[in-house]
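Examining the three-dimensional arrangement
Letter by letter, the chains look like this.
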Amino acid sequence: MSKMFEPSRRAVLAASAAFAVFRLAAVPSAAAPARPDAAEGDDAIRPFRIEVPEAALVDLRRRLAATRWPDREIVADQSQGVQLETLQALVHYWETQHDWRRVEARLNGLPQFVTRIDGLDIQFAHIRSRHADALPLIMTHGWPGSVIELLGAVDPLTDPTAHGGRAEDAFHLVLPSMPGYGFSDKPREPGWNPDRIARAWAELMQRLGYTRYVAQGGDWGSPVSAAMARQKAAGLVGIHINLPATLPPDVAKALASGDMPAGLSAEEKAAFDQVSAFFAKGSGYAAIMRTRPQTVGYGLTDSPAGLAGWMIDHDARSFGQIARVFAGGSEGGLTRDSILDNISLYWLTNSAASSARLYWENTTSVLNAAAQKTADISLPVAVTVFPGEVYRAPRSWTQRAYRNLIYFNEVDRGGHFAAWEQPALFSAELRAAFQTLR
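Residues numbered from 1 in each chain as written. Predicted model: local features only at pLDDT ≥ 70, side-chain atom pairs only at ≥ 80, totals over all residues. Heavy atoms only, no water.

1. Quick notes on unusual backbone geometry
At the junction of tryptophan 143 and proline 144, the peptide bond is cis and its omega measures out at 0° in the coordinates. Note that proline 144 resides in the loop between strand S4 (135-140) and helix H5 (154-158). Phi angles above zero are rare outside glycine, and asparagine 350 is one such case at about 55°. Checked against the element boundaries, asparagine 350 lands in the loop between helix H14 (336-348) and helix H15 (352-361). Taking the relative accessible area as the measure of exposure, asparagine 350 reaches 34% and is therefore partly exposed. Located in the positive-phi region is lysine 373, a residue other than glycine, with phi close to 55°. Of note, lysine 373 is situated in the loop between H15 and strand S8 (381-385). (Helix = DSSP H or I, 4+ residues; strand = E, 2+ residues; numbered from the N terminus. Buried < 20%, exposed > 50% of the residue type's maximum accessible area, 1.4 Å probe, protein only.)

In structure tokens:
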């Protein structure tokens, strides 16, 4: 090898070593190994603690400082993607001010565990309420999210009396990281789609001893929670979702041609226009990850700046919020640190490609009611429509999609990452949605 490449080669080897150490350090202590032995049993639930080596953080800052930037966009809006000024502000803050140890300590302040299900170690937080009659609730994050987007809702849900609720509103929380995300194992074979994740979550709740519980999800958490309901997971009594699959077959078909079906109400026309715009200009990231997750993973795994740009460009509204935060503004529960906590989790767990593969695994539309087989769900379903979601699901479509719809509410704040943006409102919605199922 030419000597001119030796410094970069040494840097690559050093970074690889840091990640290798990280994977060992991120598992429980030696008393609770990453792989249970035969005496312990495959269904053992072991304590878990996050300990990212300092070398991984040093490598991250080095890469951020060495970012090679593209030319500035040639338009004044977001139509070409994430604007250079926004990403440079994000990267500068990430390199010079963001403190991973702060969020690491916050995560380690929660009771965290790992258990092996269907060949993979699944990491999860399990927070029991002090209220004895609390209703168990498993919540599923999405992409580009993680359990970090749910942290603001932990206290309001587990300790409602301290947040304007009643003791009888309390939940015991189970917050797993999906396979390929965060500190859960990465699948080593195809097949880990929402249906398989749903079966794993049912097994997890059974291992925790819950014989009666509810489930909640947004983004990918929506089809996972819906699959649990469709599969009639033992003990599951109902679900709440904030990205419902409500597109009727005729509407889904019309989207392909772009011709709006006749006879739609004003609310339905608005929803059709929103979905059309999202599919036309806002879902390019999904198309690429659905077809080439490995290819896109190379760049995202090598460049933290590239990973950040990819993750914050989920939808126009969410990016607009993030841009305003890094311009010095404030947007609900979002801060520069909370945004970078989540991106750092993806970087430090090297999960850009493994998380993207969930799109490749999913062969159906997340919004299409027929594709998601919502007609097969007989369990109670609750839906909250947040105004900044990629589309506002009309009540009429929602009632057609879910035959046992027990709760439907349109709120005045929040968007696609509702628990992250508006944790208090999100928590209040869950209390109301599941009130009749207690």
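After presenting the structure, the write-up continues.
2. As for the environment of lysine 281
Examined against the element boundaries, lysine 281 turns out to sit in helix H9 (residues 266-282). For lysine 281, a relative accessible area of 82% corresponds to the exposed category. A C-alpha to C-alpha distance of 9.3 Å links lysine 281 and alanine 316, two positions 35 residues apart in sequence.

3. Quick word on helix H18 (residues 423-433)
Within H18, eight of the eleven residues are buried, which leaves it mostly tucked inside the rest of the structure. Taken as a whole, H18 has its buried residues at Pro423, Leu425, Phe426, Ser427, Glu429, Leu430, Arg431 and Ala433.

4. Description of the sheet that holds strand S7 (residues 236-241)
The nine strands lie next to each other as S1-S2-S3-S5-S4-S6-S7-S8-S9, forming an open sheet whose pairing is mixed. Each edge of the open sheet carries a strand with a single partner, namely strand S1 (45-47) and strand S9 (405-410). Put simply, the sheet's adjacent strands are angled 25° from each other on average, direction ignored. Bridging between strand S2 (residues 112-117) and strand S3 (residues 120-127) involves six bridges; their strand directions are antiparallel. Its bridge partner being in S3, valine 114 is matched across the sheet by glutamine 123. (Pairing = 2+ DSSP bridges. Axes fitted to C-alpha atoms, helices over the stretch in contact; angles between N-to-C directions.)

5. Overview of the packing of helix H4 (residues 100-108) against H14
Direction vectors running N to C along H4 and H14 enclose 85°, while the axes themselves pass 10 Å from each other. The angle between the axes of H4 and H14 places the two elements in the roughly perpendicular class. Packed against H4, whose contacting residues are Trp100, Arg102 and Val103, the element H14 presents Asp337, Asp341, Ser344, Leu345 and Leu348 at the interface. Here the residues of the contact of H4 with H14 are counted per class, giving four nonpolar, one polar and three charged. (Parallel < 35°, antiparallel > 145°, perpendicular 65-115°, else oblique. Contact = heavy atoms within 4.5 Å. Nonpolar A, V, L, I, M, F, W, Y, C, P; charged D, E, K, R; others polar.)

6. Digging into the pairing of strand S6 (residues 213-217)
Here S6 lies mainly inside the structure; five of its five residues are buried. The alternating pattern of S6 places Tyr213, Ala215 and Gly217 on one face and Val214 and Gln216 on the opposite face, and all of these are buried. Where S4 lies against S6, four bridges are found, and the strand directions are parallel. Note on S6: the bridge partner recorded for isoleucine 138 is alanine 215. Note on the crossover from S6 through helix H7 (residues 221-230) to S7: the handedness is right-handed. (Right-handed = clockwise from strand over helix to strand, strands pointing away.)

7. Thoughts on the packing of helix H6 (residues 194-207) against H7
Packed helix pairs are specified by the crossing angle of their axes together with the interaxial distance, meaning the distance between the axes. Their axes nearest at 8 Å, the elements H6 and H7 cross at an angle of 70°. Comparing the axis directions of H6 and H7 gives the class roughly perpendicular. In the crossing of H6 with H7, the sense of the turn from one axis to the other is right-handed. Contacts between H6 and H7 involve Pro194, Asp195, Ile197, Ala198, Trp201 and Ala202 on the former and, on the latter, Pro223, Val224, Ala227, Met228 and Arg230. Of the residues in the contact of H6 with H7, the class split is nine nonpolar, no polar and two charged. (Left-handed = near helix turned anticlockwise from the far one by under 90°.)

8. So, H14
Across its 13 residues, H14 extends 18 Å between first and last C-alpha, which sits within 8% of the 18 Å expected from 1.5 Å per residue. Among the 13 residues that make up H14, eleven are buried, leaving the element largely enclosed by the rest of the structure. For H14, the full list of buried residues reads Ser338, Ile339, Leu340, Asp341, Asn342, Ile343, Ser344, Leu345, Tyr346, Trp347 and Leu348. Within two residues after H14, asparagine 350 carries a phi angle of roughly 55°, on the positive side. (Expected span 1.5 Å × (residues − 1).)

From the geometry alone we can't say anything about function, so treat these as descriptive.
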